[in-house]
Amino acid sequence: VYRHENAKLINVSIRRKIAEIERDLINNSIQGVHLSKRIIKGQVTVARSFKQYAKEVKWDQTKLNRIIDYGGEQLLISDVTVEWLRKFETWCRKKPLAQNTIHTTIKYVSRIITQARKEKIIHDDPFDQYIKPKYQQTDRLYLVDHELKLMVDLLDKPMSKSMHDTLCYFLLACYTGLRH
């Protein structure tokens, strides 16, 4: 049996490295960061919670709730793959969510993934192979002058203070171009 002349030193060095890695794993675990091995590229990446990271980067509670409803609280940024996106889109359509709601939700996921790539939290961009749902222009309905005049005439009618205030704010929005 061949034995390297520096076998003892090499083994001590290996044991130190193992102890160092174990210490880092424990520290990361305490901080809620877990390591996951990326087999495809042989890279080790830090696994970050999608929910926590999204709150740091761009918080939109409604969209984030939708993503967590599908992916779960334990969803990691690295879990968002092309396959995950396709299944998520299918889930949204079965909900059923409107086309533009799906579009804005996927766009939100894309922003989070883009930022994670910039910060080198992940290496691959699932949006390279995924076709995002398109935005569809909706037919917007507006009140015509005659309808607005009828509403202005309502201001002279008896009504509760809260209803009067609501009508005033609504008319202000109509005449200034704000849309609700």
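As a reminder, the structure under discussion sits directly above these lines.
Residues numbered from 1 in each chain as written. Predicted model: local features only at pLDDT ≥ 70, side-chain atom pairs only at ≥ 80, totals over all residues. Heavy atoms only, no water.

## Some thoughts on a nonpolar patch on the surface
The condition is simple: Candidates for patches are residues over 30% relative accessible area with no salt bridge; among them, like charges are joined within 9 Å and nonpolar side chains (Val, Leu, Ile, Met, Phe, Trp, Tyr) within 5 Å. The Shrake-Rupley method, run with a 1.4 Å probe sphere, supplies the accessible areas, and residue values consider only the shown protein chains as cover. A side-chain nitrogen of Lys or Arg and a carboxyl oxygen of Asp or Glu constitute a salt bridge if their distance falls within 4 Å. Under the DSSP-based scheme used, a helix requires at least four consecutive residues in state H or I and a strand at least two consecutive residues in state E, with every element numbered from the N terminus.
A contiguous nonpolar surface patch, about 250 Å² in accessible area, is contributed by Ile10, Ile14 and Ile18. Among the secondary structure elements, Ile18 is positioned in helix H1 (residues 7–30).

## Points about a positive patch on the surface
Filter applied, for reference: Here Asp and Glu are counted as negative and Lys and Arg as positive; His is not counted, and neither are the chain ends. A charged residue contributes its charge at one atom only: NZ of Lys, CZ of Arg, CG of Asp or CD of Glu.
A surface patch of like charges, here positive, comprises Lys58, Lys107, Arg111, Lys132 and Lys134. Here Lys134 shows up in the loop between helix H5 (99–118) and helix H6 (145–154).

## Examining the packing of aromatic side chains
What counts is decided by this rule: Side-chain rings of Phe, Tyr and Trp (the six-membered ring for Trp) are treated as a pair once their centres are within 6.5 Å; stacked means planes under 30 degrees apart, edge-to-face means over 60, and tilted covers the remaining angles. Think of it in three bands: with a 1.4 Å probe and only protein chains considered, a residue is buried below 20% of the maximum accessible area for its type, exposed above 50%, and partly exposed in between.
A complete count under the given rule lists six aromatic pairs for this structure. Look at Phe88 and Trp91: their rings are 5.9 Å apart centre to centre, the planes differ by 20°, and that puts the pair in the stacked class. Here Phe88 and its partner Trp91 are both found in helix H4 (residues 82–94), three residues apart, which amounts to about one turn of the helix. Relative accessible area serves as the criterion here: at 0%, Phe88 is assigned to the buried category. Trp91 sits in the partly exposed class, given a relative accessible area of 22%. Pairing Phe127 with Tyr130 gives two aromatic rings, centres 5.8 Å apart and planes at 80°, and the pair type is edge-to-face. Judged by relative accessible area, Phe127 falls into the buried class, the value being 10%. Here a set of aromatic residues connected by ring pairs shows up, and it is made of Tyr70, Trp84, Phe88 and Trp91.

## Topic: the side chain of Arg66
Worth spelling out the cut-off: In this analysis, two residues are considered to be in contact whenever any of their non-hydrogen atoms come within 4.5 Å of each other.
For Arg66, the location among the structural elements is in helix H3 (residues 61–71). We note that Arg66 is buried and unpaired, the nearest opposite charge coming from Asp60 at a distance of 6.9 Å. With near-sequence residues (within four places) excluded, Arg66 lies in contact with Phe88, Trp91, Leu97, Thr101 and Thr105.

## Some remarks on the pattern of salt bridges
Enumeration according to the criterion identifies nine salt bridges in this entry. The partner of Glu20 in a salt bridge is Lys17, with the nearest N and O atoms 3.4 Å apart. A residue pair is termed a helical-turn pair when its members lie 3 or 4 positions apart in one helix, as Glu20 and Lys17 do in helix H1 at three residues. Note on Lys17: relative accessible area 44%, which makes it partly exposed. In this structure, Glu73 and Lys51 form a salt bridge, with 3.0 Å as the shortest nitrogen-oxygen distance. Remark: Lys51 occurs in helix H2 (residues 50–57) and Glu73 occurs in the loop between H3 and H4; sequence separation between them is 22 residues.

## Observations regarding the side chain of Asn100
In this fold, Asn100 is placed in helix H5. Apart from residues lying up to four places away in sequence, Asn100 is in contact with Lys134, Tyr135, Gln136 and Thr138.

## Some remarks on the packing of H3 against H4
This is how it is decided: To get an axis, fit a line to the C-alpha atoms, keeping to the stretch in contact for a helix; angles then go from 0 to 180 degrees between the N-to-C directions. Roughly parallel here means an angle under 35 degrees, roughly antiparallel means over 145, roughly perpendicular means 65 to 115, and every remaining angle is called oblique. Any residue that is not Ala, Val, Leu, Ile, Met, Phe, Trp, Tyr, Cys, Pro, Asp, Glu, Lys or Arg is counted as polar, Gly included; the first ten are nonpolar and the last four charged.
Remark: H3 packs on H4, axes separated minimally by 11 Å, with the N-to-C direction vectors making an angle of 105°. By the criterion of interaxial angle, the relationship of H3 to H4 is roughly perpendicular. Here Arg66, Ile67, Asp69, Tyr70 and Gly71 of H3 come into contact with H4, specifically with Trp84, Lys87, Phe88 and Trp91. Here the residues of the contact of H3 with H4 are counted per class, giving five nonpolar, one polar and three charged.

## Brief notes about the nonpolar core
As a reminder, the rule being used: For the purposes of this section, nonpolar cores are sets of buried Ala, Val, Leu, Ile, Met, Phe, Trp, Tyr and Cys residues that join through side-chain atoms within 4.5 Å.
Ranked by size, the top nonpolar core spans 25 residues in total, and within it Phe50, Ile67, Ile77 and Val109 carry the most contacts. Secondary-structure elements contributing two or more residues to this core are H2, H3, H4 and H5. Top element by residues in this core is H5. It accounts for seven residues. Discounting chain neighbours no more than four positions away, the residues touching Ile77 are Arg48, Ser49, Phe50, Tyr53, Ile113, Ala116, Ile121 and Ile122.

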